[in-house]
Amino acid sequence: MDFFEVVRTRQSTRAFTSQPLEPEKRQHLLDAINRAPSAGNLQAYEIYAVTRRESLDAMVVAARLKTRGQDYIAQAPIVLVFCANPARSTPRFGSRGETLYCVQDATIACAYAQLAATALGLATVWIGSFDETAVRQAIGVGDDLRPVVILPVGYAAETPDKSVRRPVADLVHRVE
Ligand SMILES: Cc1cc2nc3c(=O)[nH]c(=O)nc-3n(C[C@H](O)[C@H](O)[C@H](O)COP(=O)(O)O)c2cc1C
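Residues numbered from 1 in each chain as written. Predicted model: local features only at pLDDT ≥ 70, side-chain atom pairs only at ≥ 80, totals over all residues. Heavy atoms only, no water.

(A) Expanded view of the site of the ligand. Ser12, Arg14, Gln70, Trp126 and Ser163 are the nearest of the 14 residues found near the ligand. In this structure, a nitrogen atom belonging to the ligand sits 2.9 Å away from a main-chain N or O atom of Trp126. Take Arg165: an N or O atom from its side chain is 2.8 Å from an oxygen atom of the ligand. Here the ligand, which alone exposes 620 Å², has 63% of that area covered by the protein. Across the shell around the ligand, the residue classes break down as 4 nonpolar, 6 polar and 4 charged. (Near = heavy atom within 4 Å. Polar contact = N/O pair within 3.5 Å; in protein donor to acceptor, adjacent residues only side chain to side chain. Areas by Shrake-Rupley, 256 points an atom, 1.4 Å probe, with all protein chains shown as cover. Nonpolar A, V, L, I, M, F, W, Y, C, P; charged D, E, K, R; others polar.)

And the structure:
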């Protein structure tokens with residue numbers, strides 16, 4: 001798949017088969033994520049690769065929405081939790097590092113993860129709606145880290161409808 005096909009193909013998937021993730025694909029994915037840019041190349045984020053059943057179940061509870069559960073988190077063979085790590089960014093960048101860059105670093109790493117997973121034939125869904133304290137407890141980290149995204153990764157058990165986007169002309173504002 002070339003890059004633009006990857007971009008066209010990726011779509012949020014909320015049902016996963018029980019097929020395990022092959023160790024080579026897992027490594028390939030993590031290596032691709034590790035090429036993501038970051039402010040000052042400080043990589044002010046940590047990735048938790050979760051397969052422990054109790055942690056997955058606890059994340060389902062942590063990410064319960066008012067309208068529906070997000071049980072698909074516990075279906076995926078692996079769930080990556082991207083956490084901002086302000087301590088890596090603050091000494092160099094001060095409050096901008098503490099409140100913004102570490103979150104952006106974690107965010108772009110997760111965007112890389114979604115695209116790399118797609119290129120490997122895997123499916124993902126970005127989960128941003130969760131109780132941060134409950135996610136910290138689920139993965140066993142302290143409040144020095146801020147969970148930013150939960151990303152279940154696995155093989156799709158559904159073919160979701162293609163999402164629609166704003167027209168480019170509406171989205172892009174020319175400053176000429
Ligand atoms: C910041 C952010 C937060 C999101 N949070 C959730 C979430 O909590 N649960 C969920 O099912 N999808 C979540 N999504 C996925 C979006 O709903 C999805 O990307 C969007 O509807 C477009 O669909 P597509 O990814 O298939 O193109 C989130 C996406 C982003 C970027």
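(B) Inspection of the packing of helix 2 (residues 23–33) against helix 5 (residues 86–119) at higher detail. For the pair helix 2 and helix 5, interaxial distance at closest approach is 8 Å and the crossing angle is 140°. Our classification of the angle between helix 2 and helix 5 gives oblique. The interaxial crossing formed by helix 2 with helix 5 has right-handed handedness. Of the residues in helix 5, those in contact with Leu29, Ala32 and Ile33 of helix 2 are Ala109, Tyr112, Ala113, Ala116 and Ala117. Across the contact of helix 2 with helix 5, the residue classes tally to 8 nonpolar, no polar and no charged. (Axes fitted to C-alpha atoms, helices over the stretch in contact; angles between N-to-C directions. Helix = DSSP H or I, 4+ residues; strand = E, 2+ residues; numbered from the N terminus. Parallel < 35°, antiparallel > 145°, perpendicular 65-115°, else oblique. Left-handed = near helix turned anticlockwise from the far one by under 90°. Contact = heavy atoms within 4.5 Å.)

(C) Examining the state of the cysteines more closely. Counted according to the given criterion, the structure contains 0 disulfides. No disulfide involves Cys83; its nearest neighbouring cysteine sulfur is the one of Cys102, lying 11 Å away. Not engaged in a disulfide, the cysteine Cys110 finds its nearest cysteine sulfur in Cys83; these two sulfurs lie 11 Å apart. When its relative accessible area of 0% is taken as the criterion, Cys110 is described as buried. (Disulfide = S-S within 2.5 Å. Buried < 20%, exposed > 50% of the residue type's maximum accessible area, 1.4 Å probe, protein only.)

(D) Inspection of the sheet that holds strand 1 (residues 45–50) at higher detail. Strand order in the open sheet formed by 4 strands is 1-2-4-3, with antiparallel pairing between adjacent strands. Because the sheet does not close on itself, it has two edges, and the strands there are strand 1 and strand 3 (123–124). Relative to strand 4 (residues 146–154), strand 2 (residues 78–84) runs antiparallel, the two being bridged by 7 bridges. From the neighbouring strand, Val81 faces strand 4, where its bridge partner is Ile150. (Pairing = 2+ DSSP bridges.)

(E) Here's a closer look at helix 5. Between its terminal C-alpha atoms helix 5 stretches only 30 Å, short of the 50 Å expected from 34 residues at 1.5 Å a residue. In helix 5, a bend of some 155° at Phe93 exceeds every other bend along the element. Downstream of helix 5 by one or two residues, Gly121 has phi in the positive range, about 80°. (Expected span 1.5 Å × (residues − 1). Bend = angle between axes of the 7 residues up to and from the residue.)

(F) Quick peek at a nonpolar patch on the surface. Together, Phe3, Phe4 and Val7 line one region of the surface with nonpolar side chains, adding up to about 320 Å² of accessible area. You can see Phe4 is positioned in helix 1 (residues 3–9). (Patch = residues over 30% accessible without salt bridge, like charges linked within 9 Å, V, L, I, M, F, W, Y side chains within 5 Å. Salt bridge = Lys/Arg side-chain N within 4 Å of Asp/Glu carboxyl O.)

(G) View of the pattern of salt bridges. Counted under the stated rule, the structure contains 5 salt bridges. As a salt-bridge pair, Arg53 and Asp57 come within 3.7 Å of each other at their nearest N and O atoms. Here Arg53 pairs with Asp57, and both are found in helix 3 (residues 53–62), just 4 residues apart, close to one helical turn. What makes Arg53 partly exposed here is its relative accessible area of 42%. With relative accessibility at 37%, the residue Asp57 sits in the partly exposed group. One salt bridge connects Asp170 with Arg166, and the closest N-O pair in it is separated by 3.1 Å. For Asp170, a relative accessible area of 41% gives the class partly exposed. Bridged by salt links that share partners, the residues Glu132, Arg136 and Arg146 form one connected network.

Note that every value here comes from positions in space, so none of it alone points to a role or purpose.
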